[in-house]
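# Remarks on the overall topology
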Amino acid sequence: MSATLVEKLIARRLNRDTIAPGEIIELPVDRLMINDYVGCVAFSTLAKMGLDRILRPERVLVALDHSMPAFSVDAADKQVFIRQQCARLEIENVGFLGKHGIGHQLMVEDFTRPYEIAVGTDSHATMYGGLGAFSFGITVSDAISALVTGNIWVKVPESLKIQVNGSLPIGVVAKDLSLALLNVFDSDRYIYRAVEIVGETIDTLNIDGRLIISNMIAEADAKCAVFEADAKAFAFTGAPIQDCISADSDAIYVDQAYVDATQLEPLLSYPHSVKNVKPLSYAKGISVDQVFIGSCTNGRLEDLQQAAEILKGKKVAKGTRLIVVPASQTVAREATRLGIIGTLMEAGAAIMTSSCCSCAGHGPGLIGNGECCVSTTNRNFQGRMGSMDADIFLGSAYTAAAAALTGHITDPRELLY
Amino acid sequence: MQEMDAAAMGNWVFEDLEPRAEGMQGGFKLLGFDIVIAGKNFGCGNKSVEHPMAALIGAGVRLVIAESFSRYNYRNAINLTLPVLTCPGIRQFAHMGDRISANLLSGEIINMTSNQTIQGDGLSEFALKIIASGGLLEHIMARAKR
């Protein structure tokens with residue numbers, strides 16, 4: 001036996017002993033997320049195909065996250081249609097207002113379990129890999145395949161391995177590590193590959209942190225990130241603990257790398273490319289108009305806690321605005337219960353409804369001409385959050401909160417003691 | 001996100017890249033090219049939409065040969081019936097206006113203009129089956145009816 005982690009996850013699901021990279025298989029889908037961005041296309045295609053039932057609707061989760069609450073008549077009409085289709089197809093897991101959230105977040109909140117095959121109609125569906133699932137983004141045709149046949153076709157990916165050891169320095173967090181991991185290998189190396197991420201640093205991360213890394217790996221053009229499911233992953237998902245599956249010691253990788261976490265510092269993705277990662281220090285002092293803390297990447301409790309740690313008892317800088325968007329209603333409720341939302345509001349933050357909003361360039365919270373935004377999100381393409389003539393820097397919640405406090409790009413380590 | 005209308009989207013394909021197609025509805029299609037030769041990470045990025053490949057089909061493209069493909073676009077091309085071959089070195093091998101013949105299964109690519117041959121990665125039988133069925137959705141429907 002010489003199998004990588006992803007090969008083991010796939011073989012296990014197919015009840016096979018081994019599986020080889022490059023092999024094309026039809027893989028059963030255990031969890032499928034469809035969002036409102038492509039949901040209408042998926043459901044209307046299904047209707048046109050004359051199909052009025054789907055297989056196992058209980059494994060499907062429909063998220064209304066790109067436009068929540070609906071911010072245009074068109075969006076409202078689409079939600080009406082999606083609601084009708086969910087009723088028709090007997091899909092009960094739907095993120096209606098009240099139990100809403102970003103689809104990827106809903107997928108990891110008491111839904112996806114370790115070792116499952118979990119996919120979603122959005123690029124950052126790689127995120128469920130943080131739970132120990134085999135997960136990746138798909139498109140409408142693939143979603144329809146999963147709905148109708150229960151399977152999708154997959155080419156078994158080759159694997160890359162990254163071992164991360166050592167403790168992250170104070171003020172340096174999973175988001176900084178996730179940005180560092182985008183350039184460990186040459187760009188081409190990541191394409192279509194599974195990135196297996198292991199090591200003592202990963203073991204010590206909370207699930208919130210692992211989810212940041214598995215989310216961000218989509219930006220490296222990898223197929224997926226795979227993590228070993230440990231006791232934390234099982235506890236987080238509420239699944240009964242199973243045997244730990246890990247790669248064989250003689251597994252074959254296309255490439256391997258080692259990262260020393262102790263050497264990391266706060267990092268930023270500089271405009272206008274996610275992979276344009278450089279130390280924050282090069283941008284120190286740049287004036288910031290808007291700070292955005294949220295998204296499927298960094299809208300969880302740990303992120304909001306980091307922001308509150310920086311901002312507790314203080315005020316957002318004059319001339320800078322701070323938008324905070326918890327990744328789901330559940331996160332918002334928990335953050336409120338813990339007093340985090342109150343702390344952030346007292347500091348001057350505006351709290352918005354859980355959704356993709358500005359991160360996807362949808363709805364409220366866009367930036368204008370000549371503005372600069374520090375954001376915890378996963379994409380900083382030109383025009384992504386509004387004006388084409390604006391700069392977006394991506395960083396951790398610590399880094400974002402530090403910018404909100406001072407009004408310019410600031411090393412959060414200077415504020416943490 | 002709107003439903004895909006390949007023909008409508010195809011009207012504006014490569015408008016920025018090909019001066020003869022600029023500002024002209026259906027401009028690229030009128031030029032009569034049906035094979036696209038491309039560099040690394042064709043399609044770019046990691047975007048879960050099928051529209052770019054549908055637009056190529058709408059513009060009359062019948063084969064893409066690239067140094068490498070981004071995973072979504074490779075997959076979406078096959079799902080939408082557009083054959084794609086990965087072939088490192090293809091950019092030096094083929095030039096605009098060359099006549100190209102390719103065996104989709106074996107991956108052998110012949111430049112009939114320069115009389116040279118290069119070996120690319122053929123498509124799997126599974127992928128060819130999807131393409132021959134008329135796309136993933138047709139493939140599913142055919143199986144559902146059986």
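Residues numbered from 1 in each chain as written. Chains lettered and ligands numbered in written order. Predicted model: local features only at pLDDT ≥ 70, side-chain atom pairs only at ≥ 80, totals over all residues. Heavy atoms only, no water.

## Describing the overall build of chain B
As a reminder, the rule being used: A run of H or I in DSSP becomes a helix once it reaches four residues, and a run of E becomes a strand once it reaches two; helices and strands are each numbered from the N terminus. Here the globule rule is a power law, 2.2 Å times the number of residues to the power 0.38, and the radius of gyration is based on C-alpha atoms. For each residue, the accessible area found with a 1.4 Å probe, counting protein chains only, is set against the maximum for its type, and the residue is called buried under 20%, exposed over 50%, and partly exposed in between. Whether two residues are in contact is decided by their heavy atoms: any pair within 4.5 Å suffices.
Regarding its fold elements, chain B presents 7 helices and 6 strands. Of the regular secondary structure in chain B, the N- to C-terminal order runs α-α-β-α-β-α-β-α-β-β-β-α-α. Against the globule reference of 15 Å for 146 residues, chain B gives a C-alpha radius of gyration of 15 Å, in line with a compact fold. Along the longest, intermediate and shortest principal axes, the C-alpha atoms of chain B span 45 × 40 × 25 Å. Across the 146 residues of chain B, 46% fall into the buried class. Considering only intrachain contacts with a sequence separation of at least 6, the fraction spanning at least 24 residues in chain B is 51%.

## Some words on the packing of aromatic side chains
What counts, and what does not: Centres within 6.5 Å make a pair out of two Phe, Tyr or Trp rings, where for Trp the six-membered ring is used; the pair is then stacked when the planes are under 30 degrees apart, edge-to-face when over 60, and tilted otherwise. When the NZ atom of lysine or the CZ atom of arginine is within 6 Å of a ring's centre and also within 35 degrees of its normal, the charge is said to sit over that ring.
Counted by the stated rule, this structure contains 9 aromatic pairs over all chains. Arranged with centres 5.8 Å apart and planes meeting at 75°, the rings of A:Tyr115 and A:Phe234 form a pair that is edge-to-face. Here A:Tyr115, found in the loop between helix H4 (103–108) and strand S5 (117–120), pairs with A:Phe234, found in helix H10 (residues 231–237); they are 119 residues apart in sequence, far enough to count as distant. Exposure class is identical for A:Tyr115 and A:Phe234. Each is buried. Between A:Trp153 and B:Phe126 the ring centres are 5.8 Å apart and the planes differ by 50°, which places this aromatic pair in the tilted class. Residue A:Trp153 is found in strand S7 (residues 151–155), and its partner B:Phe126 is found in helix H6 (residues 125–133); the two belong to separate chains. Counting every residue linked through ring pairs, the aromatic cluster contains B:Phe14, B:Phe28 and B:Phe33. The positively charged end of A:Lys155 is found above the aromatic ring belonging to A:Tyr192, 5.3 Å away from the centroid. Cation over ring: A:Lys223 sits above A:Phe136, and NZ or CZ is 4.0 Å from the ring centre.

## Structural notes on the interface of chain A and chain B
Rules: The buried area of a pairing is the accessible area, by a 1.4 Å probe, that goes missing from both parts when the two are put together, added over both. Salt bridges are defined as contacts in which a side-chain nitrogen from Lys or Arg sits within 4 Å of a carboxyl oxygen from Asp or Glu. Here a polar contact is taken to be a pair of N or O atoms separated by no more than 3.5 Å, where protein atoms must pair a possible hydrogen donor with a possible acceptor and residues adjacent in sequence count only if both atoms sit in side chains.
If you look at the interface, chain A gives 36 residues, while chain B gives 29 residues. When chain A packs against chain B, close to 3,000 Å² is buried across both sides, 54% of that on carbon and sulfur atoms. Looking at the side of chain A facing chain B, the largest losses of area belong to A:Thr139, A:Ser141 and A:Trp153, adding up to 21% of the total buried there. Taken together, the links from chain A to chain B amount to 2 salt bridges. B:Lys40 serves as the salt-bridge partner of A:Asp188, at 3.2 Å between the closest nitrogen and oxygen. Where chain A touches chain B, the interface holds 11 residue pairs in polar contact (both at pLDDT 80 or more). Taken together, the elements giving at least two residues each to the side of chain A that touches chain B come down to strand S1 (24–28), helix H2 (36–48), strand S6 (134–137), helix H5 (140–149) and S7 of chain A.

## Overview of the sheet that holds S6(A)
All names here are of chain A. Keep this limit in mind: In short, DSSP must find at least two bridges between two strands for them to pair.
Here we have 5 strands laid out as an open sheet, ordered S4-S3-S2-S5-S6, and parallel in their pairing. The open sheet has two edge strands with one neighbour each: strand S4 (93–94) and S6. Bridge count between strand S3 (residues 60–63) and S4: 2 bridges; the pairing is parallel. Bridge pairing in S4 links Leu-61 to Asn-93.

## Quick look at the packing of H6(B) against helix H7 (residues 136–145) of chain B
All names here are of chain B. So the rule is basically this: Axes here mean lines fitted to C-alpha atoms, for a helix over just the part in contact, with angles spanning 0 to 180 degrees between N-to-C directions. These descriptions rest on fixed angle ranges, namely under 35 degrees for roughly parallel, over 145 for roughly antiparallel, 65 to 115 for roughly perpendicular, and the rest for oblique. Three classes are used: nonpolar for Ala, Val, Leu, Ile, Met, Phe, Trp, Tyr, Cys and Pro, charged for Asp, Glu, Lys and Arg, and polar for all others, with Gly counted as polar.
The N-to-C vectors of H6 and H7 enclose an angle of 85°; their axes lie 7 Å apart at closest approach. Comparing the axis directions of H6 and H7 gives the class roughly perpendicular. Listed contacts from H7 to Lys-129, Ile-130 and Ser-133 of H6 are Leu-136, Glu-138 and His-139. Its residues assigned to classes, the contact of H6 with H7 shows 2 nonpolar, 2 polar and 2 charged.

## Regarding the domain arrangement of chain A
Residue and element names in this part refer to chain A. The condition is simple: All domain edges in this entry derive from an automatic or database-based domain assignment.
Taken domain by domain, chain A holds domain 1 (5–10 + 24–261) and domain 2 (268–414). The distance between the C-alpha centroids of domain 1 and domain 2 comes to 23 Å. Listed by partner, the interface residues are 38 residues for domain 1 and 38 residues for domain 2. Regarding the contact of domain 1 and domain 2, the summed buried area is about 3,000 Å², with carbon and sulfur atoms giving 57% of it. Inspection of the domain 1/domain 2 interface yields 1 salt bridge.

## Section: the nonpolar core
Considering soluble globular proteins, one finds that nonpolar side chains tend to be buried as a cluster. Residues and elements named next belong to chain A. What counts here: The set of buried Ala, Val, Leu, Ile, Met, Phe, Trp, Tyr and Cys residues whose side-chain atoms join them within 4.5 Å is what this entry labels a nonpolar core.
By size, the foremost hydrophobic cluster in this structure holds 114 residues, and its most contacted members are Leu-32 and Phe-134. No fewer than three residues from each of domain 1 (5–10 + 24–261) and domain 2 (268–414) sit in this core. Not counting residues up to four positions away in its chain, the partners in contact with Phe-134 are Val-6, Leu-9, Ile-10, Leu-27, Glu-116, Ile-117, Ala-118, Val-154, Pro-157, Lys-223 and Cys-224. Counting 43 residues, the second largest nonpolar core, distinct from the first, contains Ala-180, Ala-257, Val-259 and Met-385.

## A closer look at unusual backbone geometry
Trans peptide bonds make up most of the peptide bonds, and negative phi angles are found at most residues other than glycine. Residue and element names in this part refer to chain A. Residue Pro-69 follows Met-68 across a cis peptide bond; omega there is -10°. Within the secondary structure, Pro-69 is located in the loop between S3 and helix H3 (73–88). In this model, Pro-271 is joined to His-272 through a cis peptide bond whose omega is -5°. As for its position among the elements, His-272 is in the loop between strand S12 (267–269) and strand S13 (277–279). The residue Asp-110 is not glycine, and still its phi comes out positive at about 55°. Structurally, the position occupied by Asp-110 is in the loop between H4 and S5. A relative accessible area of 57% places Asp-110 in the exposed class.

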